[in-house]
Amino acid sequence: MEGDCLSCMKYLMFIFNFFIFLGGSFLLGVGIWVLLDPMGFREIVAANPLLFTGVYVILAMGGMLFLLGFLGCCGAIRENKCLLLFFFMLILFIFLAELAAAILAFLFREHLTREYFSRELKRHYQGQNNTDVFTSTWNAIMTTFDCCGVSGPEDFEESLFRLLSPSKMVPEACCQRNSYLGAGSVEQCVSGSVAFRHNKGCYSAMVNYFETYIYTAGALAIVVLTIELFAMVFAMCLFRGIQ
């Protein structure tokens, strides 16, 4: 009876990890495909810092899942105690890292306030400087979410941006991109014309956007943590059952 239970657990673990292996392979393939520049796609990604960072996040996740699935499959089907132990340790490390991230997010939640982001924007945002990571990230956020500043265009008053560009009221990233506005719309926008710029703040825009997915993300996080716990239990049971 114990042997049948162990055999069932072995094959369940193999199937489970095989799907993880396939998922990791798919993510690796997508990341490599983008970096190999199909049809000039790399230039599009490189122009947007958020997308550029996302490609490397996908590659890292793909590599981790690929390794995890490979170790789980081989350890289960070959009944290799060394691979199973390595698999268990890797899952445990990921689990503890996620737990630490959740605790840190809770402890430093006051750093995610509107006031904190406004203060940082005033101190560090430079305008069109694409070599500065902070500036290029904010440009990408304002362009992606059609917003301006943290609370609104007034965030650029008495800021580093105004010191560097005294003739501009807001950066070009705040300007509306509709073609029917005409060629001079950007100049009117940066000079302070309300009609040619986005007037809503990025903090509200991003909160409204991510609010739609918060419950889905929470449920997904619970599912992932549960799967990781079961994977650790299965791996350790199989490890102890192998003679």
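This one's a predicted model, so the numbers in the text were calculated from it and none came from an experiment.

A. Region of interest: the packing of aromatic side chains. Going through the model one piece at a time under the given rule, you end up with eight aromatic pairs. Aromatic pair phenylalanine 21 and phenylalanine 66: ring centres 4.7 Å apart, planes at 35 degrees, arrangement tilted. You can see phenylalanine 21 sitting in helix 1 (residues 2-35) and its partner phenylalanine 66 sitting in helix 3 (residues 49-77), a full 45 residues away along the chain. Members of the aromatic cluster, each reached through a chain of ring pairs, are Phe14, Phe18 and Phe19. Cation over ring: lysine 81 sits above phenylalanine 239, and NZ or CZ is 4.7 Å from the ring centre.

B. Up close: the state of the cysteines. The tally for this structure, following the rule as stated, stands at three disulfides. For cysteine 175, the disulfide goes to cysteine 189, at an S-S distance of 2.2 Å. Every disulfide takes its handedness from the sign of the S-S torsion; for cysteine 175 and cysteine 189 that torsion is -95 degrees, giving left-handed. With cysteine 175 in the loop between helix 7 (160-164) and helix 8 (185-190) and cysteine 189 in helix 8, this pair connects stretches of sequence that are 14 residues apart. For the pair formed by cysteine 175 and cysteine 189, the shared burial category is buried. Shown here for the chain is a disulfide pattern of 1-6, 2-3, 4-5, where each number marks a bonded cysteine counted in sequence order. The structure places no disulfide on cysteine 73, whose sulfur is separated from the nearest cysteine sulfur, that of cysteine 74, by 6.7 Å.

Rules behind the numbers
- Residues numbered from 1 in each chain as written.
- Predicted model: local features only at pLDDT ≥ 70, side-chain atom pairs only at ≥ 80, totals over all residues.
- Heavy atoms only, no water.
- Phe/Tyr/Trp six-rings, centres within 6.5 Å; stacked < 30°, edge-to-face > 60°.
- Helix = DSSP H or I, 4+ residues; strand = E, 2+ residues; numbered from the N terminus.
- Lys NZ or Arg CZ within 6 Å of the ring centre and 35° of its normal.
- Disulfide = S-S within 2.5 Å.
- Buried < 20%, exposed > 50% of the residue type's maximum accessible area, 1.4 Å probe, protein only.

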